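Below are the chains, spelled out letter by letter.
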Amino acid sequence: MGEARTQFFTTPATAGNSSSLSPGSISETADYGLYLAPFFLNTHLPSAHGSSSCLSIIMSIRSPHSCRAFIRHIVCRTRTNGLSPIPNFGSIAQFTIPAISGLSILTKCGLLCIFVSGSMLVHYHIHTHGSHKYSSHCLVFTGAIATTDKNKQVLDKLQVERERGITVKAQTASLFYKYQGQTYLLNLIDTPGHVDFSYEVSRSISACQGVLLIVDANQGIQAQTVANFYLAFEAQLTIIPVINKIDLKNADPERVEKQIEKVFDIPTEECIRISAKLGTNVEQVLQEVVKRLPPPTFKKEDPFKALVFDSNFDHYRGVVANIALFGGYLSKGDRIISAYLGKSYEVNELGLLRPDEHPTDRLYAGQVGYVIAGMKEVKEAQIGDTLYHQKHLVEAFPGFKPAKAMVFAGMYPMDQSDYSALRSAVEKLTLNDSSVTVQRDSSLALGAGWRLGFLGLLHMEVFNQRLEQEYNASVIVTAPTVPYKAILSSAKLIKEHGKEEITIVNPAQFPDRSVVKEYLEPMVMGTIITPDDYIGKIMSICLNRRAVQKNMVYIDDHRVMMKYLFPLNEIVVDFYDLLKSMSSGYASFDYEDAGYQAAHVIKMDILLNGKPVEELTTIVHKDRAYSAGKAMCERLQDAIPRQMFEIAVQAAIGSKVIARETIKAYKKNVLAKCYGGDITRKMKLLKKQAEGKKKMRYVGTVQVPKDAFINVLKRKDK
Amino acid sequence: MLRTCLTAVRGPAVCVGRCFSSEVSGADSTLAGFSSPPFSTEASLYVHWPYCLKRCSYCNFNKYIPRSDNQDVMLECLQRETETLLKLSQVSRITSVFFGGGTPSLARPSTIAAVLQTVTRHAGLSEEAEVTLEVNPTPVGSSKLEDFLHAGVNRFSIGVQSLRDDDLKVLGRDHNSQHALQTVAEARRLCPGRVSVDVMFGRPGQSVASWELELDELLSVCDDHVSLYQLTLERGTQLFRQVQKGQLSVPSDDITAVMYDSARRILQKRGYLQYEVSNFARNGAISQHNMSYWKASQYLGVGPGAHGRFVPRGEGYVCREARTQTLEPDVWLREVQQRSHGTRRRIPLTHLGLLEEVLVMGLRLTDGITHQHWQLFSPRADLYQILSSSSEVQDLQQTGLLILDDRGLRCSWQGLALLDSMLPTLLLLLEAYITQGLDNNSGSLQL
C-alpha cells in the first residue's frame, strides 16, 4: 500500500480484496474510490393502509486504505405473475426475490466489503408490515467492494482515486429484505465524505438510530474506527459491531472482539463474525439490523420534510439533489423551500435512485430519491439542508456543519496565460466538490491565482492531482497552511476588520506582532492506535510536533491507543507518512477538530539570493522557527539544482536572517563528446531539459523546479 | 586567450573555403523551401564495425563480441549498404570517411579497402579526403597499421584512454600503456601529423595532480590531435554497477570540472588549440570528418546501429532525415542481404529540428556558428532576430558566457564548459521564434 501515504490510517498489509465479482455486474458509470463514505440506508415499505412501517438506515462507511473499494450495484429482477405495480414505485418493474436469494447475491458480490475495517453507521426507521401483498420487490444494492482484478481495471481510469482514495460519489439505491414474513425496503444512500471530514455528517446522524461498526478481523480496531464509533455513540445510535474477513489466515476475531469490548464497552457476544467474501453470517447482519434497531416513525400524512444528503451538478439540468424523505410526500410541480437559504423552487423532476435515476411522480416518507428543482448552483443544495413545502413550515434538521476548511494553499497557473484555462478547470472541479473554498488571490511573483481551502491535506492533494491529471493543468501550489487567528489590539485595525478576532488564511496577510494581542492556532485531537513496539518512537515524534498526550490505553495485550492534542500545523504535511513509516505501516491515525489555542507564532520568509519566495513564506511557532528555517534551507539546497551562479538560500524573520545555505555554482555542465551517432540522443535530452525549463519557476534569476517546492514543504524529523 | 584559440582554428578555413563552392550550389535548394537543407550533393560517411574482442567496463556502445569469423559477410554487407545509401542520397562526393566501432582495427585491411572502393565507384572520393580509422592500441592493431594505410586510411584515431596500467585494467581495456605508446609511435611514423589520441579523465580514483601529470606525459608522445573525454557512467555497464555498489568511486563534478579546466590550459600551453568541446589540434590538424557533424553537414551511416543525416534524394525527397540502422549485427546482416540496407528508423527532420541540430552542434565549436553558416540553414531568421531580444541571452552575454556579435554566436572560454546549461534556453527561443514565424506565415497566406 505504498500509495496510501496520504490517508490518515494505515494498513499493515494490503487489505484482503476479499470479494470477487462476476464481470457483468459492474456498473459502468459508477465512480470508484476508497474512502469514507457515510451511507444513508433507508428502508421503507409503502403502505396501502395508513399504518405503514419503514426502515431507513444511514451507514457511514469508512472503507479506507483497504478499499480498493468501488461502488457497484446489482439489479436482480424476478417477475411475479399477476401483480400490479405499487404506486410508490411508479414505473419500476415488479420483482420478487426471496430474501435468501437476495442475500446470496449480496454475499457473492461482497456486500460487506463495504465495511472492510471501517465502520458503518446505520440509521433506520422500521415499518413493520404484515399483510401487504408486496410481492413485488426490487433489489437494488449498492456496495463498496474489493476486487483485485476489477479494481485494477476501473481504478486505472482515475489514477487519483487509486492513489489517494478520494471522495467519490457512490450510488444510491434500494434493497428489499424479507424477514419473518415481513419485507423491508432498504434504501441505501451514500453521502460524500472522507476520513478527513467525518465531522461533516456528525450531526446528521443524530436523526439515526443505529450503526454497523465494521472491524477487520486481521487488523483490529483502527484509529478511524474509534472516530466513527464516537460519532455514532454520541448520537446515541444502536451499534452493531461486525467483524469481517474472518476467512483470512491471520484473522483473530476473538482478539478483535476483546478490543471492541475494551474500547467501546460492547459485550463480545454482540459482535457478528462474518466473511463478506465467503458469505459467512451475512444474513445474520441484516437480521440483527431488523431485530436490534428501533422502528422509525415517519408518516406520509405528516407535512413533507426531506433531508438533502448529497448533490451533483449536471450541466444540462442544473443541480440534482439527493434527498431522504422524513415525512409526507413530494410531487412533481410542488413548490418547495430550502430551509437554509429560504429560497423557493418548483419541482421539475423527481424520482428514485436504483441507482440510476428513475423518474416517478411522487416520493413518500421513508423513501430516498433525487429531485431537480431549478437550482443553479451546488451551493443551493446545501448538504444537510431541509426541504419543505411552501405551505407547511417544518422544523429544520440540525443540518450538517458546513464543511470547514482546515488547510489552505495558494494556487497559481505556472504560466499566466493559462489563467483562464485553470480557472475553468478549478470551477469544474469545485462544481461537484463544494467543500473546497475558493478565494481569488494574486501575488507579485505568481500573478493571479486563488487561495483554496481544503478539508484536509489529503483533500488538497487529491484536488491538485485531479487538476493535473484530468485537466492537464500545470499549477504552482504554495505551502499548505492552517487558518491561524489573531486577536487584534490595534483599534484602527479592529475598526477596519469590523471585529477583534481575524482569521489568517494567507501567510502574506499575517498581521504584525505590534498590532496583535494574541495569536491562536487550530488544534486537533489525534488518535493513534499502534502495536506497543512503536510507542517510544511515536511518543518522541509527537513530542517533536508539540503534541500533548491526553490519554493512553492498551486495547489488547500489545496494542495501544493514544490520544494527543496536536497543533494542526504540525500534522498537515507529513505526519501521517512518518507515523506509517516508523511503525512499518501498523499504526493508524485519525484526528478531529479541537478548537483554537493561544500560540506564539511568527512569519518566516525564505529568500533566494535575497529575493523572497512567496510560496515558501510560512507561519511557524517561535520555538520551531530556527529548526524549521534551517531545515527549509537545507532542503532547498538539495532540491534546487546547481546553476551557473552561486545561490544563497536564507530563512529570515523580518529583516533578521536566521539560517543560510549556499548552493555553489557549477563550473562545467557539458557532455564530453558528441559525434554523429550521439546527436539524436543528445537532442532528445536537451529537448527534455528545455521542456522542463518551461515548467521552472524563476525567483530572480534562480530557476526553481516545481518539485523543489513540494520537496521543501515536506517536513522531516531527524 | 580566446583570440589565439580562434585564430588557430582558422586552420580549417581551407576546408570552409573548399566547401564553399558546394555551399553555393546547395543554395538553390535552400531557397526552394524551408526544409531543404544545403549541401545535399555531398556527405561524409561513417562506417560502424560492431565487434570488439572484449567488453570495456564503461562502454555501453553498440558493440558485440563476435561468435565466429564473419569478415567476409561483413565485407559484403558493408559494401552493399554503402552502395545503397550512396545511391539513395545521390551525393556526388564523399568528403570524408570514418571507420568507428566497436573496434574497426579488428577488420581486415582489405575490408576497409573494399568499402573505400565502393565509395569511389558510386561517388567521388578525392585523394585528399580524410579517411580515419579508430585503432585499439594492441600489438595486433599496431602491426596492421601499415596495411590499413595502404588500404586507403590516412588518419588514425587511437584509443589510448590512459597511460596508467591499473586504470586500463579497471576500464577493462585490452591494452597496456606500453602497447599504447608503441601504437602511437607506429601511427605517427606512417601518418605524420594525422594521428589523434583519445584520453579519458574523471576515472575512478583519479586526482587532479595525477591527471595533469599523465596528460603532460601523453602530450610529449602524441601527435597533433587530442580528444579529451570525461568518463561518463552509463547505466548497464559494469563500471556503473561497481560505482553504485561503492566498490569504485569517481571524482565529483567539482573535481572533474577542475580536471577539464586544467587540461584545457595544459593543452593550450603545449600548442594544442581547442576547436571543439572535447577536441584539440596542433598545426591545424583538426578532424575534418567530425567537423562535418558540428557543421551539420550531411552524413551517411553504414553498419549496425550507425546514424545518418541526409536527404534521400534518390526517393524524391527534399527533406533531410535522421536515420538509424538496425542495431544487432546479425539482424543487420540479414536485412542487408535481403533488402540491401538495414535502415531501421527514418525520421524526417523538420525545419526547426534541423535548426536545432545546427545550433546544438555548432555551439560546440570554439568558433561557434557564423552568421553565414546559420543563413545557409535559416535564410529568413537570423541569429539576432531569434536571440538578441531575450533577457536571458542578454544575461548570458553580460556574464560573459555567450557571445553574439557580427561574426556570429559562440561560447566564451568559460561558456563552453557550461554549454549544456545554455542550450535549453537557446532552444526554447529558437522554437518560439520559428513556430511564431510559421504562424505569421500561415496568417499571411490566408490573407
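Just so it is clear, the structure is predicted and the values come from calculations on it, not from any experiment. (Residues numbered from 1 in each chain as written. Chains lettered and ligands numbered in written order. Predicted model: local features only at pLDDT ≥ 70, side-chain atom pairs only at ≥ 80, totals over all residues. Heavy atoms only, no water.)

What follows concerns the overall build of chain B. Helix and strand counts for chain B stand at 18 helices and 15 strands. The 447 residues of chain B split such that 59% are buried. Split by element, the accessible area of chain B, about 17700 Å² in all, is 52% carbon and sulfur. (Helix = DSSP H or I, 4+ residues; strand = E, 2+ residues; numbered from the N terminus. Buried < 20%, exposed > 50% of the residue type's maximum accessible area, 1.4 Å probe, protein only. Areas by Shrake-Rupley, 256 points an atom, 1.4 Å probe, with all protein chains shown as cover.)

The next thing to look at is the sheet that holds strand β14 (residues 335-338) of chain A. Residues and elements named next belong to chain A. The antiparallel open sheet is built from 8 strands, whose spatial order is β15-β14-β20-β11-β12-β19-β16-β17. Pairing within the sheet leaves two strands with one partner each, and these edge strands are β15 (344-346) and β17 (357-360). Averaged over all pairs of adjacent strands, the angle between their axes in this sheet comes to 40°, without regard to strand direction. In terms of strand pairing, strand β16 (residues 349-353) meets β17 through 4 bridges, oriented antiparallel. Residue pairing in the sheet places Leu352 in a bridge with His358 of β17. (Pairing = 2+ DSSP bridges. Axes fitted to C-alpha atoms, helices over the stretch in contact; angles between N-to-C directions.)

The subject of this paragraph is the packing of aromatic side chains. For any pair of aromatic rings, the description rests on two quantities: the centre-to-centre distance and the angle between the ring planes. Enumeration over the complete set of coordinates arrives at 19 aromatic pairs over all chains. Aromatic pair Tyr564 of chain A and Phe566 of chain A: ring centres 5.9 Å apart, planes at 45°, arrangement tilted. Across the pair, Phe566 of chain A and Tyr564 of chain A agree in class, each one buried. Between Tyr675 of chain A and Trp294 of chain B, the aromatic rings sit 5.7 Å apart at their centres with planes inclined by 40°, giving tilted as the arrangement. One end of the pair, Tyr675 of chain A, is in the loop between β35 (656-663) and α13 (679-694); the other, Trp294 of chain B, is in helix α11 (residues 288-294), on a second chain. Members of the aromatic cluster, connected to one another through ring pairs, are Tyr564, Phe566, Phe575, Phe589 and Tyr591 of chain A. A cation sits over an aromatic face here: Lys485 of chain A above Tyr596 of chain A, 4.1 Å from the ring centre. If you follow Arg264 of chain B out to its NZ or CZ, it ends over the ring of Trp413 of chain B, 3.9 Å from the centre. (Phe/Tyr/Trp six-rings, centres within 6.5 Å; stacked < 30°, edge-to-face > 60°. Lys NZ or Arg CZ within 6 Å of the ring centre and 35° of its normal.)

Frequently, the measure chosen for interface size is the accessible area that the parts lose on association. Facing the 29 residues of chain A at the interface are 44 residues of chain B. Counting each side, the surface lost to burial between chain A and chain B is near 3200 Å², with a carbon and sulfur contribution of 59%. Put simply, chain A and chain B have 6 salt bridges between them. For Lys687 of chain A, the salt bridge is made with Glu356 of chain B, and the minimal N-O distance between the two is 2.4 Å. Scanning the region where chain A abuts chain B turns up 16 residue pairs in polar contact (both at pLDDT 80 or more). Sort the elements by how many residues they give to the side of chain A that touches chain B and α13 of chain A lands first, with 12 residues. (Contact = heavy atoms within 4.5 Å. Buried area = accessible area lost by both parts, 1.4 Å probe. Salt bridge = Lys/Arg side-chain N within 4 Å of Asp/Glu carboxyl O. Polar contact = N/O pair within 3.5 Å; in protein donor to acceptor, adjacent residues only side chain to side chain.)

All right, on to a nonpolar patch on the surface then. A cluster of nonpolar side chains, Met539, Met552 and Tyr554 of chain A, forms an exposed patch at the surface whose accessible area comes to about 240 Å². Judged by relative accessible area, which is 35%, Tyr554 of chain A ranks as partly exposed. (Patch = residues over 30% accessible without salt bridge, like charges linked within 9 Å, V, L, I, M, F, W, Y side chains within 5 Å.)

Once that is clear, we can look at the confidence of the model for chain A. Parts of the prediction with low pLDDT should not have their coordinates interpreted in detail. Residues and elements named next belong to chain A. Looking at chain A, the pLDDT average stands at 69 and 67% of residues meet or exceed 70. Taken together, the stretch residues 1-171 has pLDDT below 50 and engages in 589 contacts with residues farther than four places along the chain or on a different chain. In this model residues 189-204 is a low-confidence stretch, pLDDT under 50, and it forms 75 contacts with partners more than four residues away in sequence or in other chains. (pLDDT = per-residue confidence, 0-100.)

This next bit is on the environment of His389 of chain A. All names here are of chain A. As for its placement among the helices and strands, His389 is situated in strand β20 (residues 386-389). For the pair His389 and Pro303, spaced 86 residues apart in sequence, the C-alpha to C-alpha distance is 7.5 Å. Contacts of His389, omitting those with residues within four sequence positions, involve Phe304, Tyr329, Leu330, Asp334 and Arg335. Polar contacts involving the side chain of His389 include one to the side chain of Asp334, which spans 3.0 Å.

Right, let's get into helix α7 (residues 419-431) of chain A. All names here are of chain A. Taking 1.5 Å per residue as the helical rise, α7 with its 13 residues ought to reach 18 Å, and the 18 Å between its terminal C-alpha atoms agrees with that figure. Those residues of α7 lying buried are Tyr419, Leu422, Ala425, Val426, Leu429 and Thr430. For α7, the angular spread of buried residues about the axis comes to 125°, placing them on one side. (Expected span 1.5 Å × (residues − 1). Arc of directions from axis to C-beta.)

Inspection of the entire model under this criterion finds 46 salt bridges over all chains. Two residues, Asp224 of chain B and Arg282 of chain B, come together in a salt bridge whose shortest N-O distance is 3.0 Å. In this pair, Asp224 of chain B sits in the loop between α8 (208-221) and β6 (225-230) while Arg282 of chain B sits in the loop between β8 (279-281) and α11, placing the two residues 58 residues apart along the sequence. Judged by its relative accessible area of 9%, Asp224 of chain B falls in the buried class. Residue class for Arg282 of chain B comes out partly exposed when judged on its relative accessible area of 22%. Within this structure, Asp314, Arg317, Glu349 and Glu357 of chain A form a network of salt bridges that share partners.

Moving on: helix α10 (residues 253-269) of chain B. An α-helical segment advances 3.6 residues per turn. Residues three or four places apart therefore align on the same side. All names here are of chain B. Taking 1.5 Å of rise per residue, the 17 residues of α10 would be expected to cover 24 Å, and the 24 Å separating its terminal C-alpha atoms lies within 8% of that figure. What α10 keeps buried is the set Thr256, Ala257, Met259, Tyr260, Ser262, Ala263, Arg264, Ile266, Leu267 and Gln268. Note on α10: the residue one or two positions beyond its end, Gly271, has a positive phi of about 95°.

Residues and elements named next belong to chain B. Spatial ordering of the open sheet is given by β13-β15-β14, a layout of 3 strands whose pairing is antiparallel. Looking along the sheet, the strands with just one partner apiece sit at the ends: β13 (369-370) and β14 (402-404). Bridge count for β14 against strand β15 (residues 408-411) is 3 bridges, and the pairing is antiparallel. Bridged to Ile403 within β15 is Arg410.

Turning next to the pairing of β35 of chain A. Residues and elements named next belong to chain A. Bridge count between strand β34 (residues 647-653) and β35: 7 bridges; the pairing is antiparallel. Across the sheet, residue Ala651 finds its bridge partner in β35, namely Ala659. The antiparallel pairing of β34 with β35 creates a hairpin that spans 2 residues between the two strands, and Gly654 there sits at a positive phi of about 60°.

The next point concerns the nonpolar core. Membership of the largest hydrophobic core comes to 121 residues, with the highest contact counts inside it found for Ile94 and Phe156 of chain B. No other element matches the 8 residues that helix α18 (residues 419-446) of chain B contributes to this core. Leave out the neighbours within four places in its chain, and Phe156 of chain B touches Thr132, Leu133, Val135, Leu145, Phe148, Leu149, Ala187, Leu190, Cys191, Arg194, Val195 and Ser196 of chain B. Phe566, Leu568, Val573 and Tyr576 of chain A belong to the second-largest nonpolar core, a separate cluster that totals 58 residues. (Core = buried A, V, L, I, M, F, W, Y, C linked by side-chain atoms within 4.5 Å.)

With that out of the way, let us pick up the side chain of Gln274 of chain B. Residue and element names in this part refer to chain B. Topologically, Gln274 is positioned in strand β7 (residues 273-276). Within the structure, Gln274 has its side chain in polar contact with the backbone oxygen of Glu276 (distance 3.0 Å). A distance of 2.8 Å separates the side chain of Gln274 from the backbone oxygen of Val277, its partner in a polar contact.

This part takes up the packing of helix α5 (residues 139-151) of chain B against helix α7 (residues 177-190) of chain B. All names here are of chain B. Here α5 crosses α7 at 10°, and the two axes come no closer than 9 Å. With respect to their mutual orientation, α5 and α7 come out roughly parallel. On α7, the residues touching Pro139, Ser142, Leu145, Glu146 and Leu149 of α5 are His179, Gln182, Thr183, Glu186, Ala187, Arg189 and Leu190. The residue makeup of the contact of α5 with α7, split by class, is 5 nonpolar, 4 polar and 3 charged. (Parallel < 35°, antiparallel > 145°, perpendicular 65-115°, else oblique. Nonpolar A, V, L, I, M, F, W, Y, C, P; charged D, E, K, R; others polar.)

Bringing a negative patch on the surface into the picture now. Taken together, the side chains of Glu261, Asp265, Glu269 and Glu270 of chain A define an acidic patch exposed on the protein surface. Topologically, Glu261 of chain A is positioned in helix α5 (residues 253-264). (Lys, Arg positive; Asp, Glu negative; His and termini not counted. Charge placed at Lys NZ, Arg CZ, Asp CG, Glu CD.)

A negative phi angle is the norm for most residues apart from glycine, just as the trans form is the norm for most peptide bonds. Between Gly101 of chain B and Gly102 of chain B the backbone carries a cis peptide bond, its omega angle lying at 25°. Residues other than glycine seldom take positive phi values, yet Asp265 of chain A does so here, at roughly 60°. Along the chain, Asp265 of chain A falls in the loop between α5 and β10 (272-273). Positive phi outside glycine occurs at Ser340 of chain B, with the angle close to 70°. Mapped onto the fold, Ser340 of chain B is located in the loop between α12 (329-339) and β12 (343-348).

All names here are of chain B. In the structure shown here, the tally under the stated rule is 0 disulfides over all chains. Counting only cysteine sulfurs, Cys59 is the nearest neighbor of Cys52, a cysteine outside any disulfide, at a range of 6.4 Å. With a relative accessible area of 9%, Cys52 lands in the buried category. (Disulfide = S-S within 2.5 Å.)

In this section: the packing of helix α10 (residues 535-544) of chain A against helix α11 (residues 575-582) of chain A. All names here are of chain A. Viewed as axis vectors pointing N to C, α10 and α11 meet at an angle of 160°, and their least axial separation amounts to 10 Å. If you check the angle between α10 and α11, you find them roughly antiparallel. Crossing of α10 over α11 shows right-handed handedness. The segment α10 lies against α11, with Lys537, Ile538, Ile541 and Cys542 engaging Phe575, Leu578, Leu579 and Met582. (Left-handed = near helix turned anticlockwise from the far one by under 90°.)

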